[in-house]
Amino acid sequence: KQWYQRRVAITAGVLDCHKPLKDTFDFHENRILASPKLMRRSLSIRSADENSMINSSTQSSGDKAVLLSYQSYIQCCETKTVEELCLVSSDDASPLAYKVVALLRLIEVIGEDFIVEGMKIVDHIQHFYKIVEGDWLVLRLCGGYLGKSVDSLAPSLATIVVANKAVCFGKMGQEEKLVTGPLHPKLLDEIFHTLLRDQDVLHVCLQQEFLIFLAEIIDEAPALFEGITVLRIGWIINILAEILLNLGILLEYLPPHSLKRKLLELLSGDLTTSYCSQESECFLRTRILNGTLGRVPNGLYTLVWDLLRTQPHLTLVVMDTTLTSADMAGVKPGEADFALKVEAFLSDGQDSITRHLLVETLQVLATAVARSPELRLRETVDVMELLERAKVNKNDSFDDVSQKVLTVLVKEDYFAVQGCSIS
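Residues numbered from 1 in each chain as written. Predicted model: local features only at pLDDT ≥ 70, side-chain atom pairs only at ≥ 80, totals over all residues. Heavy atoms only, no water.

J.: Just checking my understanding: could you explain the packing of aromatic side chains for this structure?
T.: To describe a pair of aromatic rings, one takes the distance between the centres and the angle between the planes. Enumeration according to the criterion identifies three aromatic pairs in this entry. Between Y73 and Y98, the aromatic rings sit 5.2 Å apart at their centres with planes inclined by 15 degrees, giving stacked as the arrangement. With Y73 in helix 4 (residues 70–78) and Y98 in helix 6 (residues 96–110), this residue pair connects regions lying 25 residues apart in the sequence. Under the relative-accessibility criterion, Y73 is labelled buried at 2%. By relative accessible area, Y98 is classed as buried at 14%. Over the aromatic face of Y145 sits the side chain of R197, whose NZ or CZ is 4.3 Å from the ring centroid. Seen from the ring of Y414, R378 lies directly overhead, with NZ or CZ sitting 3.8 Å from the centre. (Phe/Tyr/Trp six-rings, centres within 6.5 Å; stacked < 30°, edge-to-face > 60°. Helix = DSSP H or I, 4+ residues; strand = E, 2+ residues; numbered from the N terminus. Buried < 20%, exposed > 50% of the residue type's maximum accessible area, 1.4 Å probe, protein only. Lys NZ or Arg CZ within 6 Å of the ring centre and 35° of its normal.)

What follows is the structure, given as structure tokens:
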């Protein structure tokens, strides 16, 4: 209750949202750590300024170097030969994160048992994981590769499931794993250390952190998650990284307590306000936030259910996914199973903005049929194509979206009355 009152005060502008949250989770404190020394040193990271985590890092030589983003290091290493990668990994002038990315690239090319400077590559990674201090990108990369896990993952997932939310793991744009119920810790570990490790070793640790953060926040402030059925962690990380990069911050270098604070600012809308600061961008800001979180308008699932009930011949299409009256079989409009089917249908949205525009287009279509039940739709309606034909701008108001979509529906004979087209 006190936490929620604090959020209300922040929204009202009477409390500073940048003050540290109590009881924040330090990802590598409560893990199976390589040494007690690392645990003691990690405690001091809480007081570090997050900007210092972005702009510089202490190297073995004692000098400080400007850090690049994780993706920049990957791009640099992808074009290098084995010999060049070995040079990077052994160069004292190279940022530690650059060395680790080079080592991980070497593992992809020739395996973890390859010898570099008298040690196997995997032994180098274990060594960095033991000695690193303050470089959270290195900790996450090494921990992800070495298969480290947090003990509280299964309880965190259970907390989210009890709140009637599903969780989707996976990097945005790649294969995702939908979880709708509690999982045994071993099964959950398989998702992180098989699916995510194959996609991007950084996401092994990042998605563990975000799972715990989301569980903590949903337990303390469930109102922030209203209208959300599926939490797609990869999408949330992607948009948060994009917003922070626009503000000059690299997400992968932030310590866990700073990440949780930024996630909270994203959920409350504070962060998107700074990302889209112009008043004219308010609709864009809403679509970014709601599309990323998978938030839909109240009553959308019921509207879609009624649409399929009154138009039993109808097949809705988005990319390669369809939604038909057969998906209503055995479920009621308010049931989670039907909501998950609609979410799976909408999941082919290419990005957060497109996803939410698809939601709005589907809402307009379903509302039009609900208000005029005598109308009959085509047998197949491609919602993505309808959105494209309407030439909707990403910053249009919902009223403008409605008008443009309805105009296309009428002019291009999507509707008919008693077999006659509407002119």
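Okay, back to it.
J.: Sorry if this is basic, but what is going on with the pattern of salt bridges here?
T.: Pairing between side chains of opposite charge can happen when the charged atoms of each approach one another. Taken as a whole, this structure holds 14 salt bridges when the rule is applied. Each of E385, R389 and E412 takes part in salt bridges that share partners, so that together they form one network. (Salt bridge = Lys/Arg side-chain N within 4 Å of Asp/Glu carboxyl O.)

J.: How should I be thinking about the sheet that holds strand 9 (residues 321–324) in this particular structure?
T.: Strand order in the open sheet formed by three strands is 9-8-11, and the pairing between neighbours is mixed. Looking along the sheet, the strands with just one partner apiece sit at the ends: strand 9 and strand 11 (380–382). Sheet twist, expressed as the mean angle between neighbouring strand axes with direction ignored, is 25 degrees. In this sheet, strand 9 lies alongside strand 8 (residues 315–318) in antiparallel orientation, the contact comprising four bridges. What sits directly across from V318, in strand 9, is T321. (Pairing = 2+ DSSP bridges. Axes fitted to C-alpha atoms, helices over the stretch in contact; angles between N-to-C directions.)

J.: It is not clear to me how the nonpolar core should be interpreted in this structure. Could you clarify?
T.: As a rule of thumb, soluble globular proteins bury nonpolar side chains together. Core analysis: the largest hydrophobic core is formed by 126 residues, its most contacted members being F210 and L316. Not counting residues within four places of it along the chain, the set of residues in contact with L316 comprises L307, L308, T321, T322, L323, F345, L362, L365, V381 and V383. (Core = buried A, V, L, I, M, F, W, Y, C linked by side-chain atoms within 4.5 Å. Contact = heavy atoms within 4.5 Å.)

J.: Help me understand the confidence of the model for the chain, please; the structure alone is not making it clear to me.
T.: Do not read the fine detail of predicted coordinates wherever pLDDT is low. The predicted model of the chain averages 82 in pLDDT, with 81% of residues at 70 or higher. Across residues 1–27, confidence stays below pLDDT 50; counting only partners more than four residues off in sequence or on other chains, it has 51 contacts. Every residue in residues 29–65 is under pLDDT 50, and counting partners more than four places away or in other chains gives 76 contacts. (pLDDT = per-residue confidence, 0-100.)

J.: Honestly, the environment of E343 in this entry has me stumped. Any pointers?
T.: Tracing the chain through its elements places E343 in helix 17 (residues 336–346). Among the residues examined, E343 registers a relative accessible area of 6% and is labelled buried. C-alpha of E343 to C-alpha of Y301: the two residues are 42 residues apart in sequence and 9.4 Å apart in space.

J.: Mind showing me how you'd approach unusual backbone geometry here?
T.: Across residues other than glycine, the phi torsion is negative in most instances, and most of the peptide bonds are trans. If you check the backbone angles, E117 has positive phi at about 55 degrees while not being a glycine. Here E117 shows up in the loop between strand 3 (115–116) and strand 4 (119–120). Taking the relative accessible area as the measure of exposure, E117 reaches 57% and is therefore exposed. One non-glycine residue, D413, lies in positive phi territory at about 55 degrees.

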